[in-house]
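# Notes for the structure review
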Amino acid sequence: MRQYTRQNLLKKGKLLRDTFIVYFIFEGDPHSSDFKPRYIGCTGSFYWRMVKHRRKITPQTKIYIKEFATKVDALRYEKRCIKAWQPALNVKYNTWWQYDLIG
């Protein structure tokens, strides 16, 4: 996965049109033991998704992305990551009976 800042993402988002992206929004120090994502999402339009998440993104936020060629693969990866990490802002999908809602 690659790491980007918000300004880099808005520039790079226009170039990532033919891929599906799973993104991780992290907050805090990456060397601490409680470093986990605040939000995990999947999109085909990365630029507009970052515009939508502007309230979740601060200058200290770290964003990692992973690119996929197909939407099915991206949604499967997103589902596995949400199950494993259980991010704080993915409240809708953090309960076991709602995992089938994504992918």
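Below is a summary of the structure that appears in this document.

Parameters and conventions
Residues numbered from 1 in each chain as written. Predicted model: local features only at pLDDT ≥ 70, side-chain atom pairs only at ≥ 80, totals over all residues. Heavy atoms only, no water. Salt bridge = Lys/Arg side-chain N within 4 Å of Asp/Glu carboxyl O. Helix = DSSP H or I, 4+ residues; strand = E, 2+ residues; numbered from the N terminus. Buried < 20%, exposed > 50% of the residue type's maximum accessible area, 1.4 Å probe, protein only. Core = buried A, V, L, I, M, F, W, Y, C linked by side-chain atoms within 4.5 Å. Pairing = 2+ DSSP bridges.

### A look at the pattern of salt bridges
All chains considered together, the criterion is met by two salt bridges. The salt bridge involving Arg38 is made with Glu27; its shortest N-O contact spans 3.5 Å. Placement of the pair is Arg38 in strand β3 (residues 37-43) and Glu27 in the loop between β2 (20-26) and β3, with a sequence separation of 11 residues. The class of Arg38 is partly exposed, set by a relative accessible area of 26%. Classification of Glu27 as partly exposed rests on a relative accessible area of 29%. Across the pair Asp73 and Arg76 runs a salt bridge whose closest N-O atoms are separated by 4.0 Å. With a gap of three residues between them, Asp73 and Arg76 both fall in helix α3 (residues 71-85), about one helical turn apart. Using a relative accessible area of 37% as the deciding quantity, one classes Asp73 as partly exposed.

### Structural notes on the nonpolar core
Counting 12 residues, the largest nonpolar core consists of Val22, Phe24, Phe26, Phe35, Ile40, Cys42, Tyr64, Phe68, Ala74, Tyr77, Cys81 and Ile82. Elements with a contribution of two residues or more to this core: β2, β3, β4 (62-68) and α3. The dominant element in this core, judged by the number of residues it contributes, is α3, at four residues.

### What to know about the environment of Phe26
Examined against the element boundaries, Phe26 turns out to sit in strand β2. The class of Phe26 is buried, set by a relative accessible area of 6%. Each C-alpha atom of the pair Phe26 and Ile63 lies 6.0 Å from the other, and the pair is 37 residues apart in sequence.

### Some points on the pairing of β2
Within β2, six of the seven residues are buried, which leaves it mostly tucked inside the rest of the structure. As judged from the seven bridges shared by β2 and β4, these two strands associate in the antiparallel manner. Each residue of the ladder has a partner; that of Ile25, found in β4, is Ile63. For β2 and β3, the ladder comprises six bridges, and the chain directions are antiparallel. Note that in β3 the partner of Phe26 across the bridge is Pro37.

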